[in-house]
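Per-entry structural report
Each chain, written out:
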Amino acid sequence: MAAGTGMVTAAALVTDMLKLLGEERVFHKDVDLKTYTYDSSFVSQINDFTPEVVVMPTSTEEVSRIMRYADEHGVAVTPRGAGSGQTGGSVAVRGGIVMDLSAWNDIVEVDEVNMQVVVRPGVVHADLNNHIASYGLYFPPDPGSSEWATIGGMVANNASGLRAVKYGNTGQYVLGLEVVMPDGQVIRTGGLKSKALKSVSGLNLTGLFLASEGTLGVITEVRLKVWPKPPSRAIVVAYFDRLEDAAQSVLEVFKAGILPSGIEILDDGAIRSVNLFKPQLKLPEVEAAIFFEVNGSKAATADEGRQIEEIAKKRAGSVEMATDPKRMKELWTGRQAIGAASARAKPNAARIFAGEDVCFPMSKVPEALRRIKEIGREHDTMVVIYGHIGDGNMHTAPIIDPLKPEEVEAAQRVAEAIHRLALEIGGATTGEHGVGFVRAAFMEEEHGAALEVMRRIKDCMDPKGIMNPGKIWAGEE
Amino acid sequence: MEVTYQLDFAQELKKCVRCGKCRTSCPVFHELRGESASPRGRLALVKALQTGDLEPSEELADRLYTCLLCKTCAVDCPSGVISDEIFVAAREYLAEALGQPLMQRALLRGFLTRPGLHSSASSLMRLYQKSGAAAVLDKTHLIEHLPEKAEAAARLLPDVAGRPGRKRVREVTPAQGEKKYRVSYFLGCATNLLYPQVAEDTVEVLSRNGCEVVTVDDVKCCGMPHLAYGDVDTARELARENLRALADAGSDYVISDCASCSATLGETYQHLFDPGTPEQARAKELADTVYDVSRFLVEVTGIEPGEHQVEATVTYHDPCHLSRAQKVTEQPREVLRAVPGVEFREMAEADRCCGSAGSFSVMHHDISAKILERKIDNVEATQSEVVATSCPTCTMQLSFGLRERGSKADVVHPVQLLARSYRGK
Ligand SMILES: Cc1cc2nc3c(=O)[nH]c(=O)nc-3n(C[C@H](O)[C@H](O)[C@H](O)COP(=O)(O)OP(=O)(O)OC[C@H]3O[C@@H](n4cnc5c(N)ncnc54)[C@H](O)[C@@H]3O)c2cc1C
Ligand code: SF4
Ligand code: SF4
């Protein structure tokens, strides 16, 4: 398998990239390269994954030329969006070229009538939604990193987020892609000229690139289905004295025939953290809070909101229903911030992103919550839990002092145990963040013979193994 | 790398979980796009410096100085990383580690890369010679490069007419009506030299609102420019002198019309001294008495309404050092709303940095100009006749941006409109 700079020296690689793109969009000095050694994964903070060169192409032609070069010389290429991923996915673990696509952020087309948009990979999720709001449209998947994650990164990770319970993940909205293949060839999936909202013509190549994590090709354009923006929304927040009661209430809401647009859980540590970051929120500091979001017509949201309130009250100590846009924004952005804010759960500590994305069957969520807390206690590590309980996708954050090696080691054991728990009770090691570098070791156990088929697909599409090597497929080298 | 500027790098840096959120709103990153221009990138560079992974270098200095210290990243960080303070401390370390010649080249990069900038910057020279930046520039010998490089920068400067502020106000101005407080007016360098009329208006407004105003004569530059360049030693020296001068003046409050001065006096001084020392105690005491003038009028004296109408549509730009450093946002707007005849219009992104950041607009003219473009777009969208702001460098920057656009809009300090309503002109 190819690695690093392949058959060229680092110096020659830099010279050649400068020839292709010019000074402005090629980084090769140490001070710039060191800022491409990480994403938000903890693993990337404790390893040195410095690439030889970073390029910032802004056209399909440029990407294609770079890929042709890489193919010819066997150079590894790691595509990168905002680097908000939590798996080391956008980090060049085998060196070579990092291709930063975040500056290529044109919204090429908004087709109001056909309810679709065409964007370049670097468009930021929130920017897209702000732009199309004036057309009465929106792109529903809503990652906590909405304000900075790119659409390219979202497609490559098949990201989802706070509204997946009703709206699913990014993949459900991708109608077609332009992809530069590892040898530089440009293809279009979903039909060359298609503007259709459905198509079952041919093998689902679009689907192949979803969650491909940059290992099969570079996504250079995305055609997305977008939806009419619901006119109304409401948020019901229920506060529980027992974590398990919170989980139980979620099941009861589903049982009543209600499908909220988002159901999010915050445990005590998460509540405390959000309060510390945004004191104006004043969330009651109980064992767990659930945020239910409903959207649709005004009458429907009012009615569903009220029903959820009733159901939650059976177990919750208190319930708050928010319809004031300012309060709703505060609550929602408070929830979105937990990813990083959970560091505040303990003084003089930080959260790390490790073992952070397990997904459980709905029936096992109460048990899983209890067992995650037990795992934390066993390893003497505080674990904050928050996330998308509506689809069983839980984020677990070990809160440690990263300067203390014994705490780092304990946190890594916690992450391992949480991954194992997911596999043991019929869940997935990752619900939305992906495999990347950090979960490759679990792939064999999780997929068995299917992993071999995945490997064959990879070999067929990227025979020289230059696309984002070291990810997904453990033992690839 | 050693602990400096009262800050333990390792302890502060560990809080950054590298989520990337601060890519969202950094004005500099928005223009440059490479990760090393993002707050997260700069923090990673300081970390690499701290762990010895990177050596101090001219390039590293360039990345760390290409930052407005606007605090947006720090305020927005969910994890509580005090990024801007980390950058200042790192600048201090770099300034020492690199010594003069390299720092000079790093700082001048912004100039040298722009061709065709010629002389005619004598007024700029004057400003830098007389203001707090002079010491910094002298130290680095930057001043020698300014005249021939800074034509564009010179265009930033207002036409400074006549006498400086200090010559225009009395040492002690009595309160009009009943004397409620004795206040020290801290007259900063830029107000004094560039906007002397603001000094007159501030004193008049304070006096009209029941204050006996002492314009303390022997105060020095607050030290902000020195801090921004990483010259913490000089800033500490200036802090000592100002603490003494202000203590000698014996007033109830210390008032400033410059956001940077009030932020430095009120927030930063305490971090310059070791905890538990008498100096830190004095800095803390001072902090309790320092007020931005608008905040003082709203929270302490109340605003005496003016007799005259000031017919104008007015919008307001929040200076970083007021809104983010001191959380003072509503008070200047209240002052404006209190002026009879003023129609206040909120602009979009009012608290987004204007790109001036002291001398950033000089050192990184191109980036600064792009950041300013967006600000001027937002100003113009309100169709206001007047832009108010509470910081002389913001005033300079906004005036420049409006002039370049051919706009006739006026840029003033909020108290100036209040003063007009008292005077009737
Ligand atoms: C605080 C926080 C909250 C988060 N919340 C959520 C959440 O709620 N839901 C969720 O799903 N995720 C979440 N994430 C994870 C992350 O934001 C998403 O995975 C996001 O989609 C990554 O986008 P990015 O632009 O940062 O991509 P990067 O991290 O830069 O890259 C991610 C992967 O995509 C590949 N890639 C990027 N661009 C391309 C391209 N154009 N072509 C081919 N491959 C490419 C990279 O090689 C890498 O493997 C969160 C992250 C953080 C830090
Ligand atoms: S400084 Fe804060 S917002 Fe920026 S990457 Fe670090 S933790 Fe995230
Ligand atoms: S202080 Fe302002 S300019 Fe500097 S990194 Fe933070 S947001 Fe960017």
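Throughout, a residue's number is its position along its own chain's written sequence, starting from 1. Here the convention is simple: chains get letters from A, ligands get numbers from 1, in the order in which they are written. The predicted nature of this model means local features are confined to residues of pLDDT at least 70 and side-chain atom pairs, given and counted, to a pLDDT of 80 or more, with totals for whole chains, interfaces and linings taken over all residues. With hydrogens and water set aside, each side-chain value is computed from the structure's full complement of heavy atoms.

1. Details of the site of ligand 2
- Residues are counted as near a molecule or strand when any one of their heavy atoms sits within 4 Å of it. Within the structure, ligand 2 sits among 13 residues, and Cys16, Cys19, Gly20, Cys22 and Cys77 of chain B are positioned closest to it.
- Note on residue categories: nonpolar means Ala, Val, Leu, Ile, Met, Phe, Trp, Tyr, Cys or Pro, charged means Asp, Glu, Lys or Arg, and polar means any other residue, Gly included. Broken down by class, the residue content of the shell around ligand 2 amounts to eight nonpolar, two polar and three charged.

2. Overview of the domain arrangement of chain A
Residues and elements named next belong to chain A.
- Note: domain ranges come from an automatic or database domain assignment. Assigned domains of chain A: these are domain 1 (107-228) and domain 2 (232-433).
- The centre of domain 1, based on its C-alpha atoms, is set 27 Å off from the matching centre of domain 2.
- The contact definition used throughout considers only heavy atoms, calling two residues in contact when any of these lie within 4.5 Å. Of the residues lining the interface, 16 residues belong to domain 1; the matching set on domain 2 comes to 18 residues.
- Using a 1.4 Å probe, buried area is obtained as the accessible area two parts lose upon being combined, added over both of them. Summing both sides of the interface, domain 1 and domain 2 together bury roughly 1,300 Å²; the carbon and sulfur share of this comes to 46%.

3. Comments concerning the interface of chain A and chain B
- Each side of the interface is counted separately: chain A has 38 residues, and chain B has 32 residues.
- When chain A packs against chain B, close to 2,800 Å² is buried across both sides, 57% of that on carbon and sulfur atoms.
- When residues of chain A are sorted by the area they lose upon contact with chain B, Val31, Tyr38 and Trp148 of chain A head the list and together hold 22% of the total.
- A pairing counts as a salt bridge when a side-chain nitrogen of Lys or Arg comes within 4 Å of a carboxyl oxygen of Asp or Glu. Between chain A and chain B we count five salt bridges in total.

4. Some words on the nonpolar core
Residues and elements named next belong to chain B.
- Nonpolar cores are built from buried Ala, Val, Leu, Ile, Met, Phe, Trp, Tyr and Cys residues. Side-chain atoms within 4.5 Å join them into one set. Buried residues are those whose accessible area, probed at 1.4 Å on protein chains only, stays under 20% of the maximum for their type, while exposed residues exceed 50% and partly exposed ones sit between those limits. Ranked by internal contacts, the top residues of the largest apolar core, which has 53 residues, are Leu265 and Tyr269.
- Taken domain by domain, the makeup of this core includes at least three residues from each of domain 1 (9-98) and domain 3 (165-299).
- Aside from chain neighbours lying at most four places away, what touches Leu265 is Phe186, Cys222, Leu246, Val254, Leu286 and Val290.
- Judged by nonpolar contacts, the second largest core, of 51 residues, contains Tyr185, Val300, Val310 and Phe344.

5. Regarding the packing of helix H9 (residues 243-255) of chain A against helix H11 (residues 298-313) of chain A
Residue and element names in this part refer to chain A.
- Where H9 meets H11, the axes come as close as 9 Å, and the angle between the chain directions of the two elements is 140°. It follows that H9 is oblique to H11 by the angle criterion. As H9 runs across H11, the sense of the crossing is right-handed. Touching Ser249, Glu252 and Val253 of H9 are Ile308, Ile311 and Ala312, all from H11. Interaxial angles span 0 to 180 degrees and are taken between N-to-C directions of axes, which are lines fitted to C-alpha atoms, for helices over the stretch in contact. Helix numbering and strand numbering both begin at the N terminus, where a helix is a DSSP run of H or I of at least 4 residues and a strand a DSSP run of E of at least 2. Oblique is the label for every angle not falling under 35 degrees (roughly parallel), over 145 degrees (roughly antiparallel), or within 65 to 115 degrees (roughly perpendicular). Less than a right angle of anticlockwise turn of the near helix away from the far helix marks a crossing as left-handed, whereas a clockwise turn marks it as right-handed.

6. Observations concerning the sheet that holds strand S6 (residues 116-119) of chain A
All names here are of chain A.
- We treat two strands as partners when DSSP finds at least two bridges between them. A sheet is described by the order of its strands in space; here five strands give the open sequence S5-S6-S10-S8-S9, paired in antiparallel fashion. Strand pairing shows two members of the sheet lacking a second neighbour, strand S5 (107-111) and strand S9 (186-188), which therefore form its edges. Averaged over neighbouring strand pairs, the angle between their axes works out to 10° when direction is ignored.
- Bridge count for S5 against S6 is four bridges, and the pairing is antiparallel. The partner of Val110 across the bridge, within S6, is Val117.
- Sheet contacts for helix H5 (residues 125-133): S5, S6 and strand S10 (218-225); angle to S5, the most-contacted strand, approximately 40°.

7. Some details on the site of ligand 1
Residue and element names in this part refer to chain A.
- Every one of the 36 residues lining ligand 1 counts as a neighbour, but Pro79, Gly81, Ser84, Ser145 and Thr150 are closest to it.
- What qualifies as a polar contact is a pair of N or O atoms within 3.5 Å, subject to a donor-acceptor requirement within protein and to the restriction that residues adjacent in sequence count only when both atoms come from side chains. Between ligand 1 and Gly81 there is a distance of 2.7 Å, counted from an oxygen atom to a backbone nitrogen or oxygen.
- Interatomic distance of 2.6 Å between a side-chain N/O atom of Ser84 and an oxygen atom of ligand 1.
- In this description, accessible areas are obtained by the Shrake-Rupley approach with a 1.4 Å probe, and a residue is regarded as covered only by the protein chains that are shown. When the free accessible area of ligand 1 is taken as 980 Å², the share hidden by the protein chains comes to 98%.
- Of all elements in the fold, only strand S3 (77-80), helix H6 (151-157) and S10 reach the threshold of two or more residues within the shell around ligand 1.

8. Overview of helix H22 (residues 365-381) of chain B
- Under the convention used throughout, the expected extent of a helix is 1.5 Å for every residue step, that is, one less than its residue count. End to end, H22 of chain B covers 24 Å across 17 residues, agreeing with the expected 24 Å (1.5 Å per residue, within 8%).
- One or two positions beyond H22 of chain B, positive phi appears at Gln383 of chain B, with a value near 50°.

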